[in-house]
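Observations on chain architecture
Take a look at the letters that make up each chain.
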Amino acid sequence: TAADGNTATLGSLGVGTTLGVTGAATLSSTLGVTGLTTLAAVDVGGDVDIGSGNFVVTASSGKATMKGAVEMSMNTATISHTGTSGGLTISSTNNHVAVESVQFAGANIGVSGDTDLIGLASGVMTVNGQVASTTLDTSGAATVGSTLDVTSDLTVGATGEFVVTAADGNTATLGSLGVGTTLGVTGAATLSSTLGVTGLTTLAAVDVGGDVDIGSGNFV
């Protein structure tokens, strides 16, 4: 059109070199590009489909779907969620989500070859392996369902109320020792205070350096 330079065609428009558009461009149908295309800015009212489904953006929801990987080359990169509710969910439909060498699958955390080292549930964390720690601090009660192996000294209480020495097995207690059935002593036993016995006691031999009082003065 001579007045404004508008061009209309009912067929195809072939451009041999470069198609330069300085203003807005409106496409009522598909734009097919077989070569390299550089766009300074794109405002698309419909879906965007790159590579026959390799990268698809749905216009109605803004959802982006891709078949390839996302690679970021920035020295410091961030994935952030700015929504006011809902949270950010990262999941894998058929396998696991890997962060460095750690794998997350459902409520399990593990590594390659052992994917359920830690299991998480409401109020419970299950460890399906060993816990290696230089110091284990527990502010609440601890229940051990099997064997407790301690390779160093075992100390109970802040001031050593009960101590088992790993090197020789010596046991020291600052409180009383209650034995429900039988107290077996294979070596010598030294008592620095009173030995109170309410039931039957069988002794193969007794070496007493102090007084012996049986029956509150019945035999002294």
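Refer to the structure presented above.
Residues numbered from 1 in each chain as written. Predicted model: local features only at pLDDT ≥ 70, side-chain atom pairs only at ≥ 80, totals over all residues. Heavy atoms only, no water.

Its volume calculated, the largest pocket comes out at about 2,200 Å³. Along its surface, the largest pocket is lined by 42 residues, and Leu183, Leu191, Leu195, Val197 and Leu203 are the ones closest to its centre. When its residues are assigned to classes, the lining of the largest pocket shows 18 nonpolar, 21 polar and 3 charged. Taken as a whole, the second largest pocket holds about 1,700 Å³ of empty space. Forming the walls of the second largest pocket are 34 residues, and the residues nearest its centre are Ala25, Leu27, Leu31, Val33 and Leu39. Per-class residue counts for the lining of the second largest pocket are 15 nonpolar, 16 polar and 3 charged. (1 Å grid on protein atoms, 1.4 Å probe; cavity = no way out; pocket = protein on both sides within 12 Å on 5 of 7 lines; lining within 4 Å. Points joined across faces, edges and corners; volume = space filled by probe spheres on them. Nonpolar A, V, L, I, M, F, W, Y, C, P; charged D, E, K, R; others polar.)

This part takes up a nonpolar patch on the surface. There is a patch of nonpolar side chains on the surface, built from Met66, Val70, Met72, Ile79, Leu88 and Ile90 and spanning about 650 Å² of accessible area. With respect to the helices, strands and loops of the structure, Ile79 is situated in the loop between β3 (64–66) and β4 (97–99). Overall, the relative accessible area of 65% leaves Ile79 in the exposed class. (Patch = residues over 30% accessible without salt bridge, like charges linked within 9 Å, V, L, I, M, F, W, Y side chains within 5 Å. Areas by Shrake-Rupley, 256 points an atom, 1.4 Å probe, with all protein chains shown as cover. Salt bridge = Lys/Arg side-chain N within 4 Å of Asp/Glu carboxyl O. Helix = DSSP H or I, 4+ residues; strand = E, 2+ residues; numbered from the N terminus. Buried < 20%, exposed > 50% of the residue type's maximum accessible area, 1.4 Å probe, protein only.)

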